[in-house]
Amino acid sequence: MRGYELMVIVSGDLEEQVAKGWIKTITEQVASAGGAIVGTPDWWGKRRFAYPINKKEEGYYVVFNLNAPGGALDDMERAFRIADDIVRHKLLRLPDAEAAKRGLVAKV
C-alpha cells in the first residue's frame, strides 16, 4: 500500500450538498479500487479561482489522504477527466517518510 494525497475541485455551479455528494462517490471509488480514505476528507468549501478555468470562476475544494495499491487509482483518475462536475484534480504519491508521518503507512 502506498500513501496518496488527492485534491479535487468540484464545479462551483453546483449546490453545496450536491458537491459534498462527490465525497461519498470518491470514497466508494477508492474502496472499490482496494484502497481506503484515512481520516476525514478536508472540505475547504467554495473558493474563487485566480483565473477562469473552463469558463468557471469558483469551485469547491476537498482534500483526501488515502492509501491504495500502486496503479489502483488509474481508473478513478480517468473518470475524473471525463466528469463534467470535476474541474481539476491532483493525485500525489507521498514520499514514504511523509506518508508515515500522516499515518497512512507503517513507519519505515
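Look up: the structure comes first, before these words.
A few points on the structure. Because the structure is a prediction, the values reported are computed rather than measured. (Residues numbered from 1 in each chain as written. Predicted model: local features only at pLDDT ≥ 70, side-chain atom pairs only at ≥ 80, totals over all residues. Heavy atoms only, no water.)

**Topic: the packing of aromatic side chains**
Worth spelling out the cut-off: Aromatic pairing here means that ring centres of Phe, Tyr or Trp (its six-membered ring) are within 6.5 Å. Orientation follows from the plane angle: under 30 degrees is stacked, over 60 is edge-to-face, and everything else is tilted. We count a stretch as a helix when DSSP gives it H or I for four or more residues in a row; a strand needs E for two or more, and each element gets its number in order from the N terminus. Buried, partly exposed and exposed residues are distinguished by accessible area as a fraction of the type maximum, computed with a 1.4 Å probe on protein chains only: under 20%, between the cut-offs, and over 50%, respectively.
Taken as a whole and assessed by the stated rule, the structure comprises 3 aromatic pairs. Their ring planes at 25° and their centres at 5.6 Å tell us that Trp43 and Tyr60 sit as a pair that is stacked. On the criterion of sequence distance, the pair formed by Trp43 in strand β3 (residues 42–53) and Tyr60 in strand β4 (residues 56–68) is long-range, its members being 17 residues apart. Note on Trp43: relative accessible area 21%, which makes it partly exposed. Measuring from ring centre to ring centre gives 6.3 Å for Phe49 and Tyr61, while their planes differ by 70°; the resulting arrangement is edge-to-face. Pair noted here: Phe49 is in strand β3 and Tyr61 is in strand β4, with a separation of 12 residues, a long-range link. On the basis of relative accessibility, which here comes to 14%, the residue Tyr61 falls in the buried class.

**Observations concerning the pattern of salt bridges**
Note the cut-off: Only one rule defines a salt bridge in this text: a Lys or Arg side-chain nitrogen within 4 Å of an Asp or Glu carboxyl oxygen.
One pass over the full model with this rule turns up 11 salt bridges. Note that Lys101 is salt-bridged to Glu98, the shortest N-O span being 3.6 Å. With a gap of 3 residues between them, Lys101 and Glu98 both fall in helix α3 (residues 96–101), about one helical turn apart. Lys101 gets classed as exposed once you look at its relative accessible area, which sits at 65%. A single salt-bridge network, built from bridges that share partners, covers Glu5, Glu98, Lys101 and Arg102.

**Topic: unusual backbone geometry**
We note that Asn54 has phi near 50°; this positive angle belongs to a residue other than glycine. On the secondary structure map, Asn54 appears in the loop between β3 and β4. Even without being glycine, Lys55 reaches a positive phi, approximately 60°. Along the chain, Lys55 turns up in the loop between β3 and β4. Overall, Lys55 belongs to the exposed group, its relative accessible area being 83%.

**Things to note about the environment of Arg78**
With respect to the element layout, Arg78 can be found in helix α2 (residues 74–82). Residue classification places Arg78 among the partly exposed residues on the basis of a relative accessible area of 45%. Along the chain, Arg78 and Asn67 lie 11 residues apart, while their C-alpha atoms are 18 Å from each other.

**Topic: α2**
The test is simple: Working definition: the arc comes from the directions between the helix axis and the C-beta atoms, pointing outward to the latter. Contact definition: two residues touch when any of their heavy atoms are within 4.5 Å.
Buried residues of α2: Met76, Glu77 and Phe80, and no others. One side of α2 carries all its buried residues, which in axial view fall inside an arc of 100°. Set apart from the buried face of α2 by more than 90 degrees, the exposed residues are Asp75, Arg81 and Ile82. Looking at the buried residues of α2, the elements they touch are β1 (2–11), α1 (16–32) and β5 (86–93).

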